[in-house]
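Analysis of the macromolecular model
The chain contents come next:
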There are 2 protein chains.
Amino acid sequence: MPASKSRLICAQKDHTPYTWSEVECEAYKQGQEAGREWKSIVRQVLVGKQAEETSFHLRYFELEPGGYSSLEKHAHAHVVIAVRGQGRVVLNDKAREMQALDTVYVAPWTPHQFLADGDEPFGFFCIVDAERDRPQPVSPREGRLAQAAGAQSDMPD
Amino acid sequence: MPASKSRLICAQKDHTPYTWSEVECEAYKQGQEAGREWKSIVRQVLVGKQAEETSFHLRYFELEPGGYSSLEKHAHAHVVIAVRGQGRVVLNDKAREMQALDTVYVAPWTPHQFLADGDEPFGFFCIVDAERDRPQPVSPREGRLAQAAGAQSDMPD
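Because the structure is predicted, anything quoted here is derived from the model rather than measured. (Residues numbered from 1 in each chain as written. Chains lettered and ligands numbered in written order. Predicted model: local features only at pLDDT ≥ 70, side-chain atom pairs only at ≥ 80, totals over all residues. Heavy atoms only, no water.)

Let us now look at the side chain of A:Gln113. All names here are of chain A. Positionally, Gln 113 belongs in strand β11 (residues 112–117). In this structure the side chain of Gln 113 is engaged in a polar contact, spanning 2.8 Å, whose partner is the backbone oxygen of Ser 69. Non-local contacts of Gln 113, meaning those with residues more than four positions away in its chain, are made with Glu 37, Tyr 68, Ser 69, Ser 70, Leu 71, Arg 88, Val 89, Val 90, Ala 151 and Gln 152. (Helix = DSSP H or I, 4+ residues; strand = E, 2+ residues; numbered from the N terminus. Polar contact = N/O pair within 3.5 Å; in protein donor to acceptor, adjacent residues only side chain to side chain. Contact = heavy atoms within 4.5 Å.)

What follows covers the relation of the copies chain B and chain A. With an RMSD of 0.0 Å, the operation that places chain B on chain A is a rotation of 180° combined with a shift of 0.0 Å along the axis. Interpreted geometrically, this transformation is the action of a two-fold axis. Most of the interface of chain B is mirrored in chain A, where 100% of its interface residues are also at the interface. (Least-squares fit on C-alpha atoms with pLDDT ≥ 70 in both.)

It is worth spelling out the packing of aromatic side chains at this point. Residues and elements named next belong to chain A. Taken as a whole and assessed by the stated rule, the structure comprises 19 aromatic pairs over all chains. Each ring, one from Tyr 28 and one from Trp 38, has its centre 5.4 Å from the other, and the planes form 70°; the classification is edge-to-face. Linking Tyr 28 in the loop between β4 (25–27) and β5 (39–47) with Trp 38 in the loop between β4 and β5, this pair joins segments that are 10 residues apart in sequence. The pair Tyr 28 / Trp 38 is uniform in exposure class, with both members buried. Centre to centre, the rings of Tyr 28 and Phe 61 are 5.9 Å apart; their planes meet at 80°, and the pair counts as edge-to-face. (Phe/Tyr/Trp six-rings, centres within 6.5 Å; stacked < 30°, edge-to-face > 60°. Buried < 20%, exposed > 50% of the residue type's maximum accessible area, 1.4 Å probe, protein only.)

Before going further, it helps to examine the environment of A:Ala75. Residues and elements named next belong to chain A. In this fold, Ala 75 is placed in the loop between β6 (56–68) and β7 (78–84). Spatially, the C-alpha atoms of Ala 75 and Glu 24 are 27 Å apart, while their sequence positions differ by 51 residues. Not counting residues up to four positions away in its chain, the partners in contact with Ala 75 are Pro 108, Trp 109 and Asp 133.

Residue and element names in this part refer to chain A. Cis geometry marks the peptide bond from Thr 16 to Pro 17, where omega comes out at 0°. Positive phi, close to 55°, is recorded for Ser 40, a residue that is not glycine. With relative accessibility at 24%, the residue Ser 40 sits in the partly exposed group.

All names here are of chain B. Under the defined criterion, the tally for this structure stands at 0 disulfides over all chains. Here Cys 25 is not disulfide-linked; the sulfur of Cys 126 is the nearest cysteine sulfur, at 16 Å. Looking at Cys 25, the relative accessible area reads 39%, which means it is partly exposed. Relative accessible area serves as the criterion here: at 2%, Cys 126 is assigned to the buried category. (Disulfide = S-S within 2.5 Å.)

Here we come to the side chain of A:Lys29. Residues and elements named next belong to chain A. Checked against the element boundaries, Lys 29 lands in the loop between β4 and β5. Here Glu 72 takes part through its side chain, which lies 2.6 Å from a polar atom of the side chain of Lys 29. Excluding residues within four positions of it along the chain, Lys 29 makes contact with Arg 36, Trp 38, Ser 70 and Glu 72.

Here we come to the interface of chain B and chain A. With 41 residues of chain B in contact, the opposing surface of chain A contributes 41 residues. Carbon and sulfur atoms make up 65% of the surface buried where chain B meets chain A, a total of about 3,400 Å² over both sides. When the buried area of chain B at its contact with chain A is split by residue, B:Leu8, B:Leu101 and B:Tyr105 rank highest and sum to 22% of it. Across the chain B-chain A interface, the total number found is 19 residue pairs in polar contact (both at pLDDT 80 or more). (Buried area = accessible area lost by both parts, 1.4 Å probe.)

Next up on the list: the environment of B:Leu145. All names here are of chain B. Examined against the element boundaries, Leu 145 turns out to sit in helix α1 (residues 140–148). Residue Leu 145 is classed as partly exposed on the basis of its relative accessible area, which comes to 33%. Through-space distance from the C-alpha of Leu 145 to that of Glu 37 is 16 Å; in sequence the pair is 108 residues apart. Apart from residues lying up to four places away in sequence, Leu 145 is in contact with Asn 92 and Asp 93.

Quick look at the pattern of salt bridges now. Oppositely charged side chains can pair when the atoms bearing their charge come close. Residue and element names in this part refer to chain A. Applying the stated criterion to the full structure yields 20 salt bridges over all chains. Here Arg 88 makes a salt bridge to Asp 117, at a shortest N to O gap of 2.9 Å. Highlighted residues: Arg 88 in strand β8 (residues 86–91) and Asp 117 in strand β11, separated in sequence by 29 residues. We classify Asp 117 as partly exposed; its relative accessible area is 22%. (Salt bridge = Lys/Arg side-chain N within 4 Å of Asp/Glu carboxyl O.)

Turning to the pairing of strand β10 (residues 103–106) of chain B, a few remarks are in order. Burial along β10(B) is two-sided: the face carrying B:Thr103 and B:Tyr105 and the face carrying B:Val104 and B:Val106 are both buried. Sheet topology note: the strand β1 (residues 7–9) of chain A/β10(B) ladder contains 3 bridges and is antiparallel. Bridge pairing in β10(B) links A:Arg7 to B:Tyr105. (Pairing = 2+ DSSP bridges.)

Now for the nonpolar core. One finds A:Trp20, A:Phe125, B:Trp20 and B:Phe125 to be the most contacted residues of the largest nonpolar core, which totals 38 residues. For this core, the secondary-structure elements that each account for two or more residues are β5, β6, β7 and β12 (122–129) of chain A together with β5 (39–47), β6 (56–68), β7 (78–84) and β12 (122–129) of chain B. In this structure, B:Trp20 is in contact with A:Leu101, A:Thr103, B:Ile9, B:Cys10, B:Ala11, B:Gln12, B:Gln44, B:Leu46, B:Tyr60 and B:Phe125, ignoring residues within four places of it in sequence. (Core = buried A, V, L, I, M, F, W, Y, C linked by side-chain atoms within 4.5 Å.)

Below you can see the structure in the form of structure tokens.
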């Protein structure tokens, strides 16, 4: 693929989910996995699929009300910027509320999950290293601590 | 510096400029340079100064009405996400309007400048590789093309 040229990626904010010009709306993941369940979430890759010359990718995730991402952990760090609606992030054994432009740095190996609160979709950008490891399930103990903080999953007892 | 822990960086949107908890508001650059003039712009580094384990940095820039960043170019790519007000980006010899959540990929060596339009400040996130080269002035020809598209600078003829 030839290197990407400079381009403007226009936001369409009268849509649910928010969309961007020429960006495909994808499934969050292929299928469900025990302990890493997710609900009502879609993914869009704004930067990372067109041979851009950055060491990072930029994705947008949007959760319907009641939706949540997988509770998981990995060696790479995340940076997440909330942009639509209200949500929560669970980090280890704590939950923090997030609204537009609140930003979270998720350090390596931190069990984490994003959840939509309220009646509006919860949308956020997630920036990650282009080269990164695959997410992993959390341990039973990490799962119990995260669930006590409000994380959603079907962890075994 | 020890590796950064996970943390929430809370946005304060009743400020001008927008600010974030425990993030310092800095000068955009130290002084002016011929051909790379800038006006009424401040910088905040949300991710990149606390030994975060990412290959990228996240900064926020805010321009007062009439403000603009330096017209410049460099080997590293930029990703910019507009979040406040109205602005324009000049890319080579073209200008494009930007409003909240419009995103621009600036390919390596593209002469570029961001300008605030309207009565409100223009604010945007800029994501860059942690390891990157220093910006350079554009050539006289590049400067003339950018100026014809609306770029602001005092390029020599």
